[in-house]
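Results of the structural survey
For reference, the chains in residue letters:
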Amino acid sequence: MGVEIFSLEGKTALVTGASRGIGAAIALAYAECGADLALAARSTGDLEALAGKIAAAGRNAVPVTCDVTDPASVRACVDSAVAGLGWIDVLVNNAGGNRFMTPVVGTRDEGWAKNIRLNLDSVFWFCKSAGAHMVERGSGSVINISSVGGLRGSPALASYGAAKAAVVNLTRSLALEWGHAGVRANALCPGWVRTELNRNLWDNPEASAALIGAQPIKRWGETSDVVGAAIWLASDAAAYVTGATILVDGGQTA
Ligand SMILES: NC(=O)c1ccc[n+]([C@@H]2O[C@H](COP(=O)([O-])OP(=O)(O)OC[C@H]3O[C@@H](n4cnc5c(N)ncnc54)[C@H](OP(=O)(O)O)[C@@H]3O)[C@@H](O)[C@H]2O)c1
């Protein structure tokens, strides 16, 4: 047995938040491993640019404009992915982010609700819609991008941390509900990865040094650091892995 167990040849994947950052890196890596892709986000131009790169690499890529905070848009996205690809083998729920940093007492209810909708409700809607399709087909792999922020307290980021923690628990419940049907569900928790999401931190030498200095691997993670685990979880190499929480965090939580 060799590296072919990591191949995604003949598989299809729907990646949300594929217009930039971690999602774009995962989508491109999946294509390089042989998968055809559906690419979801709001920024249509960026999705089309990535679809062009994937097509140049010889794979099919379907850009799908989608707002993951709108359940109707999520359902339409899954329908478009199935129509464009024929079926979905792999779902990566990666779209997400944090809109503000405020202690709990100062957090407005609307702000709390927005972060929960973006980081948790969206994952539920995608899992429900694409999961039904996978269970009916009798195979699939769902990878929910959580965060180390969901595994430990997150001062001034409580709504984000609570949503990401709930994603881990939702993933475990899905693993229990779907295991018999051949559908796996795992959570992938990145640590500090240098993207637009946290430019304010890595662009600030003092804030950056404080964060990175506190972890064993003393550098920011790059999007390329996350793709290996995402490929593994999507592939047959992880055929016996479900309900797991995989950390890619430079040892931050050790
Ligand atoms: N970077 C880190 O250090 C880190 C650490 C732990 C976890 N994470 C998680 O990793 C995931 C990706 O983060 P990132 O760092 O790559 O962030 P990013 O560079 O800001 O990318 C976020 C992606 O999510 C999409 N998105 C945001 N809101 C959306 C909406 N309403 N509808 C559809 N798509 C939406 C964005 O696309 P559009 O704007 O085009 O819609 C974009 O493609 C997130 O879930 C984040 O919480 C990141």
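Check the entry above for the structure.
Conventions used here
Residues numbered from 1 in each chain as written. Predicted model: local features only at pLDDT ≥ 70, side-chain atom pairs only at ≥ 80, totals over all residues. Heavy atoms only, no water. Core = buried A, V, L, I, M, F, W, Y, C linked by side-chain atoms within 4.5 Å. Buried < 20%, exposed > 50% of the residue type's maximum accessible area, 1.4 Å probe, protein only. Helix = DSSP H or I, 4+ residues; strand = E, 2+ residues; numbered from the N terminus. Contact = heavy atoms within 4.5 Å. Pairing = 2+ DSSP bridges. Expected span 1.5 Å × (residues − 1). Arc of directions from axis to C-beta. Phe/Tyr/Trp six-rings, centres within 6.5 Å; stacked < 30°, edge-to-face > 60°. Lys NZ or Arg CZ within 6 Å of the ring centre and 35° of its normal. Axes fitted to C-alpha atoms, helices over the stretch in contact; angles between N-to-C directions. Near = heavy atom within 4 Å. Polar contact = N/O pair within 3.5 Å; in protein donor to acceptor, adjacent residues only side chain to side chain. Areas by Shrake-Rupley, 256 points an atom, 1.4 Å probe, with all protein chains shown as cover. Salt bridge = Lys/Arg side-chain N within 4 Å of Asp/Glu carboxyl O.

In this section: the nonpolar core. One finds I26, Y30, L37, L39, V92, I143 and L188 to be the most contacted residues of the largest nonpolar core, which totals 39 residues. Going through the elements one at a time, β1 (12-16), α1 (21-32), β2 (36-41), α2 (44-56), β4 (90-93), β5 (140-145), α8 (223-234) and β7 (245-248) are the ones with two or more residues in this core. For this core, the element with the highest residue contribution is α1, accounting for eight residues. Contacts of L37, omitting those with residues within four sequence positions, involve A13, V15, A27, Y30, A31, I54, N60, A61, V62 and L85.

What follows is about the pairing of β5. The element β5 is largely enclosed, with a buried count of six among its six residues. Here β5 shows two buried faces, one formed by G140, V142 and N144 and the other by S141, I143 and I145. Here β4 pairs with β5 via four bridges, running parallel. Paired with V90 across the strands is S141, a residue of β5.

A word on helix α3 (residues 71-85). Along its 15 residues, α3 runs 21 Å from first to last C-alpha, staying within 8% of the 21 Å computed at 1.5 Å per residue. Looking at α3, one finds that the buried residues are S73, V74, C77, V78, A81 and L85. The arc enclosing the buried residues of α3, seen along the axis, measures out at 140°, which places them on a common side. For α3, the exposed residues set more than 90 degrees away from the buried face come down to D79 and A83.

With that settled, consider the packing of aromatic side chains. Scanning the entire structure with this criterion turns up one aromatic pair. On the numbers, 5.8 Å between centres and 65° between planes, the contact of W192 with W220 is edge-to-face. Taken together, the residues W192 in the loop between β6 (183-190) and α6 (199-202) and W220 in the loop between α7 (205-213) and α8 connect sequence positions 28 residues apart. You can call W192 partly exposed: its relative accessible area is 24%. Over the ring of W202 we find R194, and its NZ or CZ is 5.5 Å from the ring centre.

Here we take up the sheet that holds β2. With parallel pairing, seven strands are arranged side by side in an open sheet as β3-β2-β1-β4-β5-β6-β7. Either end of the sheet is taken by a strand with one partner, and the two such strands are β3 (61-65) and β7. Between one strand axis and the next, the sheet turns through 15° on average, direction left out of account. Of the pairings in the sheet, the one linking β2 to β3 comprises five bridges and is parallel in character.

The next thing to look at is the site of the ligand. By nearness alone, 31 residues border the ligand, and S19, R42, S43, Y160 and T195 come closest of all. A distance of 2.6 Å is found between an oxygen atom of the ligand and a side-chain nitrogen or oxygen belonging to Y160. Here G191 contributes a backbone N or O atom positioned 3.2 Å from an oxygen atom of the ligand. Protein burial of the ligand: of its 880 Å² of free accessible surface, 96% is covered by the chains. For the shell around the ligand, the secondary structure elements donating two or more residues are α1 and α5 (158-178).

Next up on the list: α5. Along its 21 residues, α5 runs 30 Å from first to last C-alpha, staying within 8% of the 30 Å computed at 1.5 Å per residue. Looking at α5, one finds that the buried residues are S159, Y160, G161, A163, K164, V167, V168, L170, T171, L174, A175 and W178. Check the buried side of α5 and you find it contacts α4 (109-137), β5, β6 and β7.

Attention now moves to the pattern of salt bridges. Per the counting criterion, the structure on display carries nine salt bridges. Between R194 and E222 there is a salt bridge, with the nearest N and O atoms lying 2.8 Å from each other. On the criterion of sequence distance, the pair formed by R194 in the loop between β6 and α6 and E222 in the loop between α7 and α8 is long-range, its members being 28 residues apart. Accessibility expressed as a relative area gives 36% for R194, which makes it partly exposed. The class for E222 is partly exposed, based on a relative accessible area of 27%. Among the ionic pairs, R199 bridges to D203, the shortest N-O distance being 3.7 Å. Residue R199 is classed as partly exposed on the basis of its relative accessible area of 35%.

Worth remembering: the numbers are spatial, not functional.
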